[in-house]
There are 2 protein chains.
Amino acid sequence: MKYSHKLSDAIHILAFVDIFQGGDVSSTMIASSIESNPSLVRRLMSQLAKADLLITRPGVSAASLARPAETISLLDVYRAIDDSQQLLHVDPKTSMACPVGRNIQATLDGVYDRVQQAAEAEMANVSLAEIIQDLQAKINA
Amino acid sequence: MKYSHKLSDAIHILAFVDIFQGGDVSSTMIASSIESNPSLVRRLMSQLAKADLLITRPGVSAASLARPAETISLLDVYRAIDDSQQLLHVDPKTSMACPVGRNIQATLDGVYDRVQQAAEAEMANVSLAEIIQDLQAKINA
DNA sequence: ATCGGTGTTACAATTTAAGTCACAAGTTAC
DNA sequence: GTAACTTGTGACTTAAATTGTAACACCGAT
């Protein structure tokens, strides 16, 4: 479990909350759907709430989307959850004594940034509504 | 490859080999530029050789690019190095008893694939020659 | 033939995500 | 008001992947 599933779990939470709106959307219930534990779910929900994507209230299990699903993009969720905000990572420890080692970081920063921009542009194109629709279609099938 | 810098190190190796062609391009020398160890460098070089990006010879430190740097893209290097071939990862363990848990994986696979395609398209646009040029410009500055 | 480098494997160390436990504080129902 | 339940957090443990280290057979040049 070294690869992170935080983003996937966060989307899972948002979709679950929206689909089962009015039903049981407690951290325990969601955790059983993710096959994880309530503590992890609450931590993610807390991050989503801080990013203004989810409305939660202490003590009461009645979470709901903070905005219409059409206006929440995958990029919003990614930004709310991902710690490093980077898909690709430059090696931070190269030799300053070597011309290549001294300059490779700046060069790669520029290149990786282009890739990051492309990925984020596509993430911005995916709405939560779209994900939920796809999910509903599969559920009804 | 969440916090891995294998890709960065692989590019470092290719750039180093090309820039110092004719000089000392032993795994030990490259390792000192990366501030890593010769074994790791040899492992990466071996992977690059298997992907036909680098020519190595057992016993002799005379590595060279297998193709002109113009024809090697960042995507080629990424494909040669990255184990999972995925920038984003679906949670593989969700509850089949829940409609959301049962279908979220397939939905996210589709969405993540779009992001992956966008990122890979940009990676394909970046050539090793471009990276080396940028590096040379910084070195000469 | 010797010396140094490669290619590869095995294993230890390190790092980060995920899981677990615990508990203060908020909310509802009675 | 209090009992029962939930959220929000922090501390700590466990697990998985990357990186580091060591060993050694094999290749090649001098």
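Thresholds, definitions, all that
- Residues numbered from 1 in each chain as written.
- Chains lettered and ligands numbered in written order.
- Predicted model: local features only at pLDDT ≥ 70, side-chain atom pairs only at ≥ 80, totals over all residues.
- Heavy atoms only, no water.
- Least-squares fit on C-alpha atoms with pLDDT ≥ 70 in both.
- Contact = heavy atoms within 4.5 Å.
- Buried area = accessible area lost by both parts, 1.4 Å probe.
- Salt bridge = Lys/Arg side-chain N within 4 Å of Asp/Glu carboxyl O.
- Near = heavy atom within 4 Å.
- Polar contact = N/O pair within 3.5 Å; in protein donor to acceptor, adjacent residues only side chain to side chain.
- Helix = DSSP H or I, 4+ residues; strand = E, 2+ residues; numbered from the N terminus.
- Nonpolar A, V, L, I, M, F, W, Y, C, P; charged D, E, K, R; others polar.

Caption draft 1: Quick look at the relation of the copies chain A and chain B. In screw terms, the move from chain A to chain B is a rotation of 180° and a rise of 0.0 Å along the axis, fitting with an RMSD of 0.1 Å. In the structure described here, the two chain copies are related by an operation that fits a two-fold rotation axis. Among all residues of chain A, the minimum C-alpha distance to the rotation axis is found for A:A119, at 2.5 Å. Taken together, the interface assignments show that 96% of the residues at the interface of chain A recur at the interface of chain B, consistent with an identical surface on both copies.

Caption draft 2: Focus on the interface of chain A and chain B. With 53 residues of chain A at the contact, the number on the chain B side is 53 residues. In total, about 4,800 Å² of surface goes out of reach between chain A and chain B, with carbon and sulfur atoms giving 66% of it. Inspection of the region where chain A meets chain B yields four salt bridges. Here A:E122 and B:R114 are joined by a salt bridge, their closest N and O atoms 3.1 Å apart.

Caption draft 3: Looking closely at the pattern of salt bridges. Counted according to the given criterion, the structure contains twelve salt bridges over all chains. Among the ionic contacts, a cluster of salt bridges with common partners joins A:R114, B:E122 and B:E130.

Caption draft 4: Region of the structure containing the protein's contact with DNA strand C. Residues in close proximity to DNA strand C total 31 residues, the closest being A:H5, A:N37, B:S27, B:R42 and B:T56. Restricting attention to atoms of DNA strand C within 4 Å of the protein, one finds that 60% of them are sugar or phosphate atoms. Here a base nitrogen of DNA strand C and a backbone polar atom of A:G59 are 3.4 Å apart. B:T56 has a polar side-chain atom sitting 2.7 Å from a phosphate oxygen of DNA strand C. Elements with a contribution of two residues or more to the surface near DNA strand C: helix 3 (38-50) of chain A together with helix 3 (38-50), strand 1 (54-57) and strand 2 (60-65) of chain B. The leading source of residues in the surface near DNA strand C is helix 3 of chain B, at five residues. Taken together, the residues of the surface near DNA strand C break down into seven nonpolar, 13 polar and eleven charged.

Distances and angles like these do not, on their own, reveal function.
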